[in-house]
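Summary of the model geometry
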Amino acid sequence: MEQVKLLGSWASPYSVRVEIALKLKGIQYEYIEEDLSNKSPTLLKYNPIHKKIPVLLHNGKPIVESLVILEYIDETWKDGTPILPKDPYQRAMERFWAKFMDEKCLPEMLKLCYVSNNEVKVNAMGELHKLLKLLENELIKDNNNIFGGYIEIVSILITYWLGVIQEALEVDILKKEEFPNICLWADKSISCSFIKENLPPREKLLAFYKNHTKPLILPN
Ligand SMILES: N[C@@H](CCC(=O)N[C@@H](CS)C(=O)NCC(=O)O)C(=O)O
């Protein structure tokens, strides 16, 4: 009998990525909510390097880092719906755009939310705008075709979290007129049942960000 546990946090897109993948594969698992302000000995034991959620425990063995976990789930439970595409080029493209979201977009989103210095926040907004343009152009170029299951799971950061963060900070970066392809893709993606059913309720997430983010004052 397999034992699968997930240490997560309800407001974390990383943790929700893993939940979506587990549900997609039909894996039974036990979810353990972590208090990130008072990390459990289990979290520190199984992720001593980063001390972060999510941590997947498969028969007692820990796997950390959401992108690594998604690939592990896909390779371990081959029977369910595939997460990464078969074609090596497609796989490479999806991995590339996943890294783009986590390594390029996310740091700007974090500055936007948690840095107190207003100038840093305004710059982050500008940087994020430029990055989203790159994504918008990619979506136009590929006619929305490169984006399969893996990237859809990874990009809840943009397709769901960014909208909530924008509302909490009262800014509008991802405007429909400027980013029609991203907005269309985001609408489609988050209304897809396997994504939608696992997202935290919008109002709850919004209240969380209103509580936790530092306000931003836009220059005139
Ligand atoms: N690169 C990691 C990021 C995970 C991450 O940043 N987790 C946050 C919650 S959203 C965390 O555990 N933070 C606790 C801390 O930084 O002390 C992944 O993809 O899993």
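Conventions we followed
Residues numbered from 1 in each chain as written. Predicted model: local features only at pLDDT ≥ 70, side-chain atom pairs only at ≥ 80, totals over all residues. Heavy atoms only, no water. Domains from an automatic or database assignment. Contact = heavy atoms within 4.5 Å. Buried area = accessible area lost by both parts, 1.4 Å probe. Salt bridge = Lys/Arg side-chain N within 4 Å of Asp/Glu carboxyl O. Near = heavy atom within 4 Å. Polar contact = N/O pair within 3.5 Å; in protein donor to acceptor, adjacent residues only side chain to side chain. Areas by Shrake-Rupley, 256 points an atom, 1.4 Å probe, with all protein chains shown as cover. Helix = DSSP H or I, 4+ residues; strand = E, 2+ residues; numbered from the N terminus. Buried < 20%, exposed > 50% of the residue type's maximum accessible area, 1.4 Å probe, protein only.

**Quick word on the domain arrangement of the protein chain**
- Taken domain by domain, the protein chain consists of domain 1 (4-76) and domain 2 (88-212).
- Summarising the inter-unit geometry, the C-alpha centres of domain 1 and domain 2 are found 21 Å apart.
- Contacts between domain 1 and domain 2 engage 14 residues on the former and 19 residues on the latter.
- Each partner contributes to the roughly 1600 Å² buried at the junction of domain 1 and domain 2, and carbon and sulfur atoms together form 68% of this total.
- Counting the surface domain 1 buries against domain 2, the share from its top three residues, Trp10, Arg17 and Ile20, is 37%.
- Counting the contacts that link domain 1 with domain 2 gives two salt bridges.
- Residues Arg95 and Glu71 are paired through a salt bridge, measuring 2.8 Å at the closest nitrogen-oxygen approach.

**Focus: the site of the ligand**
- As a matter of local geometry, the ligand sits amid Ser12, Tyr14, Leu36, Lys39, Lys52, Ile53, Pro54, Glu65 and Ser66.
- Between the ligand and the protein, one listed contact pairs an oxygen atom with a side-chain N or O atom of Lys39 at 2.4 Å.
- One of the side-chain nitrogen or oxygen atoms of Ser66 is found 2.7 Å away from an oxygen atom of the ligand.
- Taken by itself the ligand offers 510 Å² of open surface, and the protein chains cover 72% of this.

**A short note on the pattern of salt bridges**
- Across all of its chains, the model carries eight salt bridges by this definition.
- A salt bridge links Asp74 to Lys25; the nearest nitrogen and oxygen atoms lie 2.9 Å apart. Within this pair, whereas Asp74 is found in helix H3 (residues 66-76), its partner Lys25 is found in helix H1 (residues 13-25), the two being separated by 49 residues in sequence.
- Asp74 gets classed as buried once you look at its relative accessible area, which sits at 11%.
- The shortest N-O distance in the salt bridge between Glu167 and Arg202 comes to 2.7 Å. Here the residue Glu167 occupies a position in helix H7 (residues 156-169), and Arg202 occupies one in helix H10 (residues 202-212), the gap between them amounting to 35 residues.

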